[in-house]
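Fold and geometry: a report
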Amino acid sequence: KSLKTKEKPKKVKPKWKIKELDHGVFGEINVNLDVSPDGSSIIYPKYRYGENQSLGFDIWEVDIETKKKTLLTNSMRANYPKYSPDGTTILFVAHSNSVSQLFIMNRDGEDLKQLTSNKEDVQIITPAWSPDGNSIAFAQSDSDGFMDIHILNIETEGTFQITNSSESDAFPIWHPNGEKITYTGFYNNSPNLFTYDFTSNKTLQNTDLWNMYKSVQWNDELSTVTAM
């Protein structure tokens, strides 16, 4: 338009102030970084050279103000990092020989603890802490290829399954009271939101759309689930 009218293009001020904290290849196709509860830092997976010059993801933490970056894992093919509700512990998924395991560690990367003992071709994605920090919800695909939502008790390390489908369930989101989980069910090529109630053991379908992508997070301000 400016070429036709000979007018200078209108300059639009940016709405947000953007500050680059790091650059590289982060996560996978899913956005899986996390902001600390106090808002001071971000953890994220970044593609890098590890042992024997192998390429894979590891977990980094960056201070938002100072931009100081700290490598928290080394050659673990780590992904999906999540701060615990109190911000002292970090949960993540690591891979070895095509098998996924859940791990937790201190915020400084010390005191690494493996929570699962999976064997064969088991894959874990999108883990999420319960509001009280005692349990973890995650999507797991066993050797049969079916991906369902599982719950792990951190103290006992016992797990139980809350969905059972030949199609995929993923992206679990805890409700603030810890009594429900909303997740994305990828059924009939049409992802939709579903909510599982622990008190009644029942599941409610929340949406009936053809173009849903995934559940993202709980919105405290609106008491709703944000989705894409």
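In short, a report on the structure. (Residues numbered from 1 in each chain as written. Predicted model: local features only at pLDDT ≥ 70, side-chain atom pairs only at ≥ 80, totals over all residues. Heavy atoms only, no water.)

1. Thoughts on the overall build of the protein
Convention followed: Numbering of helices and strands runs from the N terminus; a helix is a DSSP stretch of H or I covering at least four residues, while a strand is a stretch of E covering at least two. Whether a residue is buried, partly exposed or exposed follows from its accessible area with a 1.4 Å probe, protein chains only, as a fraction of its type maximum: under 20%, in between, or over 50%, in that order.
Per the secondary structure count, the protein includes 1 helix and 18 strands. For the protein, the spread of C-alpha atoms along the principal axes amounts to about 70 × 45 × 30 Å. The burial tally for the protein puts 43% of its 228 residues in the buried class.

2. Brief notes about the pairing of strand E13 (residues 168–174)
Every other side chain in a regular strand lies on the same face of the sheet, so the side chains alternate between the two faces. Where we set the bar: A pair of strands is labelled paired if DSSP reports no fewer than 2 bridges between them.
For E13, the tally of buried residues reaches 6 of 7 residues, placing the bulk of the element in the interior. In this sheet, strand E14 (residues 180–187) lies alongside E13 in antiparallel orientation, the contact comprising 5 bridges. Of the residues in E14, the one forming a bridge with Ser-168 is Phe-186. The loop that links E13 with its antiparallel partner E14 comprises 5 residues; one of these, Gly-178, has a positive phi angle of about 75°.

3. Some details on the nonpolar core
Soluble globular proteins tend to bury their nonpolar side chains together. Quick reminder of the rule: Put simply, buried Ala, Val, Leu, Ile, Met, Phe, Trp, Tyr and Cys residues joined by side-chain atoms within 4.5 Å make one nonpolar core. Any two residues whose heavy atoms approach within 4.5 Å at even a single point are treated as in contact.
Core analysis: the biggest nonpolar cluster contains 28 residues, and Leu-102 and Ile-136 have the highest contact counts within it. Counting only elements with at least two residues in this core, the list comes to strand E6 (89–96), strand E7 (99–106), strand E9 (123–129), strand E10 (135–141), strand E11 (147–153), E13, E14 and strand E15 (190–197). Sequence-distant contacts of Ile-136, defined by excluding residues within four places in its chain, comprise Leu-91, Leu-102, Leu-115, Pro-127, Ala-128, Trp-129, His-150, Ile-151, Leu-152, Ile-154 and Trp-174.

4. Notes on the sheet that holds strand E2 (residues 41–49)
Pairing is antiparallel in the open sheet, where 4 strands are placed in the order E1-E2-E3-E4. Of all the strands in the sheet, the pair left with one neighbour each is strand E1 (34–35) and strand E4 (69–71). Bridging between strand E3 (residues 55–63) and E4 involves 3 bridges; their strand directions are antiparallel. Within the sheet, the bridge partner assigned to Glu-61 lies in E4 and is Thr-70.

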